[in-house]
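Take a look at the letters that make up each chain.
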Number of protein chains: 2
Amino acid sequence: MSNAVFYHAGCPVCLGAEQMLINALDQNKYTLESVHLGTQPNRIDAAEAAGVISVPALVLEDQVFHINFGAALADLKA
Amino acid sequence: MSNAVFYHAGCPVCLGAEQMLINALDQNKYTLESVHLGTQPNRIDAAEAAGVISVPALVLEDQVFHINFGAALADLKA
C-alpha cells in the first residue's frame, strides 16, 4: 500500500475534491489520509516541504497534485 | 461503471497527471477515457460545456477537477 495525503482547509472546494478522492481513489493501492491544515497547523511545514502551494492538494508518494483552488498555503500560515 | 474523462494536451504536466490517474483511479468504479484536445479539437466544445477551463482536467460524471496547470483551453482553441 502507498500513502496518499490529502491536504485541505475545510473550504467547499476542498470538500468537493475530498469527496471525489474518497470515491475515486483505488483504496486497494492507496491509504488516504486527510489533513485539515486549519485545525492541524503543525502539519503545514511538511505540506510545504512536499511542494504544496495551495489547498486542496493531493500528495501521492513524492508527487503533488493541486486539485482546483481553495486557499493558498501562505494564507493558512498567517 | 461511471465515466471519467481526462482532458489533456500532451504537455508534461498533463502526462504526469494522466500517469497518476491511471495508477490511482479505482478502475472497478470508473472507465477512464483520455482525450488529447490538441489532436482531437472536435472534443473542445464538449470539454468547455463540461466546465473545463484548463488542462489537465478530469471530469467525473458532472464534476470538473482541474489538476495542476498545463495550458488554458482558450489557447488550444486558437
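Rules behind the numbers
Residues numbered from 1 in each chain as written. Chains lettered and ligands numbered in written order. Predicted model: local features only at pLDDT ≥ 70, side-chain atom pairs only at ≥ 80, totals over all residues. Heavy atoms only, no water. Least-squares fit on C-alpha atoms with pLDDT ≥ 70 in both. Contact = heavy atoms within 4.5 Å. Buried area = accessible area lost by both parts, 1.4 Å probe. Salt bridge = Lys/Arg side-chain N within 4 Å of Asp/Glu carboxyl O. Polar contact = N/O pair within 3.5 Å; in protein donor to acceptor, adjacent residues only side chain to side chain. Helix = DSSP H or I, 4+ residues; strand = E, 2+ residues; numbered from the N terminus. Nonpolar A, V, L, I, M, F, W, Y, C, P; charged D, E, K, R; others polar.

An unreviewed UniProt entry lists chain A under the name Thioredoxin, from Methylomonas methanica.

1. Comments concerning the relation of the copies chain A and chain B
Think of it as a corkscrew move, a rotation about one axis and a shift along it, taking one chain copy to the other. Mapping chain A onto chain B is achieved by rotating through 180 degrees and translating by 0.0 Å along the same axis, at an RMSD of 0.0 Å. In symmetry terms, the pair is related by a two-fold rotation axis. Taken together, the interface assignments show that 100% of the residues at the interface of chain A recur at the interface of chain B, consistent with an identical surface on both copies.

2. A short note on the interface of chain A and chain B
Between chain A and chain B, the residue contacts involve 16 residues of the former and 16 residues of the latter. Taken together, both faces of the contact between chain A and chain B bury some 1,300 Å²; the carbon and sulfur share is 53%. If you look at where chain A meets chain B, you find zero salt bridges. The interface formed by chain A and chain B holds eight residue pairs in polar contact (both at pLDDT 80 or more) in total. If you list the elements that add at least two residues to the side of chain A that touches chain B, you get α1 (12–24) and β4 (63–72) of chain A. Counting residues per element, the side of chain A that touches chain B draws most heavily on α1(A), which supplies six residues. Grouping the constituent residues of the side of chain A that touches chain B by class yields 10 nonpolar, four polar and two charged.

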